Amino acid sequence: MLAGRKVLLIIGGGIAAYKSLDLIRRLAERGVRVTPVLTKAAEEFVTPLSVAALSRSKVYTDLFDLTDEAEMGHIELSRAADLVIVAPATADLLGKMAGGLANDLASTLLMATDKRVLVAPAMNVRMWDHPATQRNIATLQGDGILFVGLNEGDMACGEYGPGRMSEPLEIVAAVEAALTDGPLKGKHVLVTSGPTHEPIDPVRYIANRSSGAQGTAIAEALVALGASVTFVTGPADVARPAGVKVVEVQTAEQMYKAVTDALPADAAVFAAAVADWRVDAAGSKIKKDGSGKLPELKFSENTDILATVSQLKKGRPKLVVGFAAETDDVEAHATAKRKRKGCDWIVANDVSAGTGIMGGSENDVTVISDAGAENWPRMSKRQVAQKLAAKIAEAL
Ligand code: CTP
């Protein structure tokens, strides 16, 4: 099942690096082609020669190796694999990843890749428990990075506790899970996300507080189930999801066009907070003229993308999911909205002040469908995304 797959294996500088030699062997036995990268510190624990011999591949170590750049640039190297594995992932490497540093080959590849990344941490117990490491892990999990381990046990430093890297066969199982075709393989899902910006003049615009977090998490959860995802996003705060086709837009009308261009799709999830109105924008900056006269903005209504796609006679996705941001009577309003727009499901959330949902990391949703209203307990936006993606997989 893994035969013919390609992985980029980044080996960090820790005593557990010796296990990565066995990991290469185990992956190679299964027909996986491993391209190894060693950090400077890793070279203190394992030699490039043994890594090259086991992987039967050139070993990459230095960002500024001009021969390598001529042969295969670091961008290409970061994307040529189906999966990137970091084993062992030291506290330092996790910190670099979470902080977005790119000051050596390993960290640069991790920044440049558009593939999924599986991390097998290994470090001293106290380093693992340190709030900085725990913060970094939470950040990376939020970014969609996959984790395997840690294991608990005796450690090389003489302490006992969580800190040991997962065994090579455990990592192989995680690689299998990461590369396995999910239930949405072969399905194209369209996701809209983030706010839109509606210009008033060349320097001003009208926006809303959507961060794009929920739409991004949904795209990631769909990718994890094997879907091919087109992600149409307004100017959102959060990083774009990995492994999707990203289409960046600014305005609602641009989003509408991008959505139309991306069809056909098996399912469409409209998580974007689209502006209902656009301004008839001035061609040059509106100036104060000193008379105290206030500018008058003229609005026109934007196309309702969700309603338009839901009501397509030809080429309607089999499943259309809308969102409803409500501040009161959530269920009643969302039920009416589902009818009015003609979508299959509405994911309703209460965005009233004090819930911390808009722009926050948690969500409290009610999913309305033909079958009625399902109240989901308050959970992280990532968990909502995973539950929704699983429900979509069931429905398709
Ligand atoms: N939506 C859309 N295109 C628009 C406006 C909204 O696709 N021009 C989608 C959103 O992505 C979301 C759903 O419609 O999935 C609900 O949007 P919302 O703004 O909550 O509803 P409205 O139709 O604006 O209703 P109201 O303002 O009365 O709450």
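Per chain, residue numbering runs from 1 following the sequence as it is written. Where local features are concerned, this predicted model is filtered to residues with pLDDT of at least 70; where side-chain atom pairs are given and counted, the filter is 80 or more; whole-chain, interface and lining totals use all residues. Side-chain figures throughout are based on the complete set of non-hydrogen atoms in the structure, without hydrogens or water.

A.B. asks: For this particular structure, what's the right way to read the sheet that holds strand β4 (residues 116-121)?
C.D. replies: Strand pairs in the sheet, formed through backbone hydrogen bonds, run parallel or antiparallel to each other. Spatially, β2-β1-β3-β4-β5 is the arrangement adopted by the five strands of the open sheet, whose pairing is parallel. Across the chains shown, the open sheet's two edge strands, defined by having one partner strand only, are β2 (33-38) and β5 (146-147). Strand pairing is assigned whenever DSSP detects at least two bridges linking the two strands. Elements are defined by DSSP. Helices are runs of H or I of four residues or more, strands are runs of E of two residues or more, and each kind is numbered from the N terminus. Here β4 runs beside β5; their pairing, made up of two bridges, is parallel. Paired with V119 across the strands is F147, a residue of β5. Only heavy atoms matter for contacts: two residues are in contact if any of them lie within 4.5 Å across the pair. Under this scheme, a helix contributes an axis fitted over its contacting stretch, all axes are lines through C-alpha atoms, and angles between N-to-C directions fall in the 0 to 180 degree range. Strand contacts of helix α9 (residues 168-179): β3 (83-89), β4 and β5, with the helix running at about 155° to β3, the strand carrying the most contacts.

A.B. asks: Honestly, the packing of aromatic side chains in this entry has me stumped. Any pointers?
C.D. replies: One pair of aromatic rings is described through two measures. These are the centre distance and the angle between the planes. Only rings of Phe, Tyr and Trp enter the pairing, Trp through its six-membered ring, and a pair is recorded when the two centres are within 6.5 Å. The plane angle decides the type: under 30 degrees is stacked, over 60 is edge-to-face, the rest tilted. Counted under the stated rule, the structure contains zero aromatic pairs. Stacked on the ring of Y60, the Lys or Arg K58 has its end atom at 5.4 Å from the ring centre. The criterion for a charge sitting over a ring is simple: Lys NZ or Arg CZ within 6 Å of the ring centre, and within 35 degrees of the ring normal. Its guanidinium or amino end placed over the ring of W376, K387 lies 4.9 Å from that ring's centre, counting from NZ or CZ.

A.B. asks: Help me understand the site of the ligand in this model?
C.D. replies: It suffices for a single heavy atom of a residue to lie within 4 Å of a molecule or strand for the residue to be listed as near it. Surveying the vicinity of the ligand reveals 16 residues, the closest of which are F270, A272, F323, K337 and K341. Polar contacts here mean pairs of N or O atoms no more than 3.5 Å apart (in protein, one a potential hydrogen donor and the other a potential acceptor; neighbouring residues in sequence count only if both atoms are side-chain atoms). With respect to the ligand, the backbone of A272 contributes an N or O atom lying 2.6 Å from an oxygen atom. In this structure, an oxygen atom belonging to the ligand sits 2.7 Å away from a side-chain N or O atom of K341. The method behind every accessible area is Shrake-Rupley, applied with a 1.4 Å probe, and residues are considered shielded solely by the protein chains displayed. Within the complex, the protein chains bury 78% of what would otherwise be the 580 Å² of accessible surface of the ligand. For the shell around the ligand, the secondary structure elements donating two or more residues are α12 (305-310), β16 (319-326) and α13 (330-341). Broken down by element, the residue count for the shell around the ligand peaks at four residues, all from β16.

A.B. asks: Would you mind going over the domain arrangement of the chain with me for this structure?
C.D. replies: The parts lose accessible area when they come together, and the size of an interface is often stated as this lost area. Throughout the structure description, domain borders are defined by an automatic or database domain assignment. Each domain of the chain was delimited in the assignment, giving domain 1 (6-180) and domain 2 (188-395). Taking the mean C-alpha position of each, domain 1 and domain 2 sit 36 Å from one another. Listed as interface residues are seven residues of domain 1 and, on the opposing side, five residues of domain 2. Contact between domain 1 and domain 2 buries roughly 450 Å² in total, counting both sides, with carbon and sulfur atoms accounting for 46%. Between Lys or Arg on one side and Asp or Glu on the other, a salt bridge is scored when a side-chain nitrogen of the former is within 4 Å of a carboxyl oxygen of the latter. Here domain 1 and domain 2 share zero salt bridges between them. For the pair domain 1 and domain 2, the number of links is zero residue pairs in polar contact (both at pLDDT 80 or more). Residues belonging to the side of domain 1 that touches domain 2 are distributed by class as follows: no nonpolar, three polar and four charged. For any pair of parts, buried area is found by adding up, for both, the accessible area (1.4 Å probe) each one loses once the two are put together. Lys, Arg, Asp and Glu make up the charged group, whereas Ala, Val, Leu, Ile, Met, Phe, Trp, Tyr, Cys and Pro make up the nonpolar group; the residues left over, Gly among them, are polar.

A.B. asks: What should I look at first to understand unusual backbone geometry in this one?
C.D. replies: For residues that are not glycine, phi is negative in most cases, and the peptide bond is trans in most cases. A cis amide bond, omega 0°, links G149 with the succeeding residue L150. Topologically, L150 is positioned in the loop between β5 and β6 (151-154). For the peptide bond that leads from L263 to P264, omega is 10°, which places it in the cis range. Topologically, P264 is positioned in the loop between α11 (252-262) and β13 (267-270). Unlike most non-glycine residues, R56 shows phi in positive territory, near 50°. Structurally, R56 is set in the loop between α2 (48-55) and α3 (66-71). Taking the relative accessible area as the measure of exposure, R56 reaches 79% and is therefore exposed. With phi around 45°, D329 is a residue other than glycine that occupies positive phi space. Among the structural elements, D329 can be located in the loop between β16 and α13. Whether a residue is buried, partly exposed or exposed follows from its accessible area with a 1.4 Å probe, protein chains only, as a fraction of its type maximum: under 20%, in between, or over 50%, in that order.

A.B. asks: Mind showing me how you'd approach the sheet that holds strand β8 (residues 188-193) here?
C.D. replies: The strand order across the open sheet formed by eight strands is β12-β11-β8-β13-β16-β17-β19-β20, and the pairing between neighbours is mixed. Looking along the sheet, the strands with just one partner apiece sit at the ends: β12 (245-248) and β20 (372-375). Direction aside, the axes of adjacent strands within the sheet are offset by 15° on average. Taken together, the six bridges between β8 and strand β11 (residues 228-233) define a ladder with parallel strand orientation. Looking at β11, one finds that T192 is bridged to V232. Against the sheet, helix α10 (residues 213-224) contacts β8, β11, β13 and β16, and its axis sits at roughly 165° relative to β8.

A.B. asks: So what exactly am I meant to see when it comes to helix α1 (residues 17-29) here?
C.D. replies: Helical geometry: 3.6 residues make up each α-helical turn, so side chains three or four residues apart lie on a common side. The length a helix should cover is 1.5 Å for every residue beyond the first. With 13 residues, α1 extends 19 Å between its outermost C-alpha atoms, agreeing within 8% with the 18 Å of an ideal straight helix rising 1.5 Å per residue. Within the sequence span of α1, burial applies to A17, K19, S20, L21, L23, I24 and L27. One or two residues past the end of α1 sits G31, with phi positive at roughly 85°.

A.B. asks: Would you mind going over the side chain of T113 with me for this structure?
C.D. replies: Of note, T113 is situated in the loop between α6 (105-112) and β4. On the accessibility criterion, T113 (14% relative accessible area) is buried. Among the polar contacts listed, one links the side chain of T113 to the backbone nitrogen of K115, at a separation of 3.1 Å. In this structure, T113 is in contact with S78, R79 and V84, ignoring residues within four places of it in sequence.

A.B. asks: Would you mind showing me how to read the environment of T251 here?
C.D. replies: When you line up the elements, T251 lands in the loop between β12 and α11. In this view, T251 contacts T196, H197, E198 and P199; residues no more than four positions away in its chain are not counted.

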